[in-house]
Amino acid sequence: RSAAHRRTWGSSSAAATWAIGRLTYGRIAGLLAGLMTAINGPLLIFEHYIMAETLATCLLALGLLVTIGAARHPSWRGLVLAGLLFGLAGAAHQRIGLVPLALLLARRGWRISLQGTGLALLGFLAIVLPWTAFDYARHQVMASGALGEHLTWRLTRNGDDQYFRGRLNPVADPQ
């Protein structure tokens, strides 16, 4: 059952990529983008393991798809959902800037672009603020840890054979 769920993330990423390509560049581009994502070697390998990257890739693709849809047909639900998806993607914090860019490129005007960006930020902050508060409560670091960041920190700071013990250090090792 869990292997089927992991494959669902890869399939969803390919489907979202197809839809993004189709909406932005047409049917052929969407088909090629979706197929290239579906047969991408690293994605095929990663979807068989429990890795944050597979989930983050899917959430990022879905966030981009919802952003494009909300730029074409502005709706407050779509814009809030885009913010939620970017917040859940973790490492995609800077991607929230795509919302105003997409709205401006869709020629929605400054007022709608600012309102839409505000709605997306509400969804984004609904995820990121509690996440940041949790990291502060646990590690005394004011940051929103990205998906997989704790694992990366453990492997690079403690070595391959040790488990994560202690708290995150936001400052690089002085040595």
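Residues numbered from 1 in each chain as written. Predicted model: local features only at pLDDT ≥ 70, side-chain atom pairs only at ≥ 80, totals over all residues. Heavy atoms only, no water.

(A) Here's a closer look at the packing of helix H4 (residues 52–72) against helix H5 (residues 76–88). Between H4 and H5, whose axes approach to 8 Å, the crossing angle comes to 160 degrees. Between H4 and H5, the angle is such that the two are roughly antiparallel. Here H4 runs over H5; the crossing is left-handed. In contact with Leu59, Leu60, Leu62, Gly63, Leu64, Val66, Thr67 and Ala70 of H4, H5 contributes Gly78, Leu79, Leu81, Ala82, Leu85, Phe86 and Leu88. Of the residues assigned to the contact of H4 with H5, the class counts are 12 nonpolar, 3 polar and no charged. (Axes fitted to C-alpha atoms, helices over the stretch in contact; angles between N-to-C directions. Helix = DSSP H or I, 4+ residues; strand = E, 2+ residues; numbered from the N terminus. Parallel < 35°, antiparallel > 145°, perpendicular 65-115°, else oblique. Left-handed = near helix turned anticlockwise from the far one by under 90°. Contact = heavy atoms within 4.5 Å. Nonpolar A, V, L, I, M, F, W, Y, C, P; charged D, E, K, R; others polar.)

(B) Seen up close, the confidence of the model for the protein chain. On average, residues of the protein chain score 76 in pLDDT, and 73% of them reach the 70 mark or higher. Taken element by element, the protein chain is modelled with least confidence in helix H8 (residues 149–158), mean pLDDT 51, and with most confidence in helix H2 (residues 27–38), mean pLDDT 92. Between residues 160–166, whose pLDDT stays under 50, and residues either more than four places distant or in other chains, the model counts 10 contacts. (pLDDT = per-residue confidence, 0-100.)

(C) Quick look at the packing of H4 against helix H6 (residues 98–105). Look at H4 against H6: their axes get within 9 Å of each other, and the N-to-C directions meet at 35 degrees. In this structure, the crossing between H4 and H6 has a hand that is right-handed. Note on element contacts: H6 touches H4 through Leu98, Val99, Ala102 and Leu103, opposite Leu64, Thr67, Ala70 and Ala71. Across the contact of H4 with H6, the residue classes tally to 7 nonpolar, 1 polar and no charged.

(D) The arrangement of a nonpolar patch on the surface in detail. Among the surface-exposed residues, Trp18, Leu31 and Leu35 lie close enough to one another that they form a single nonpolar patch of about 300 Å² accessible area. Topologically, Trp18 is positioned in helix H1 (residues 2–25). For Trp18, a relative accessible area of 38% corresponds to the partly exposed category. (Patch = residues over 30% accessible without salt bridge, like charges linked within 9 Å, V, L, I, M, F, W, Y side chains within 5 Å. Areas by Shrake-Rupley, 256 points an atom, 1.4 Å probe, with all protein chains shown as cover. Salt bridge = Lys/Arg side-chain N within 4 Å of Asp/Glu carboxyl O. Buried < 20%, exposed > 50% of the residue type's maximum accessible area, 1.4 Å probe, protein only.)

(E) Summary view of the side chain of Ser113. Residue position: Ser113 is located in helix H7 (residues 109–139). Of the polar contacts made by the side chain of Ser113, one reaches the backbone oxygen of Gly109; its length is 2.7 Å. Filtering out sequence-adjacent residues up to four positions away, Ser113 remains in contact with Pro100, Leu103, Leu104 and Arg108. (Polar contact = N/O pair within 3.5 Å; in protein donor to acceptor, adjacent residues only side chain to side chain.)

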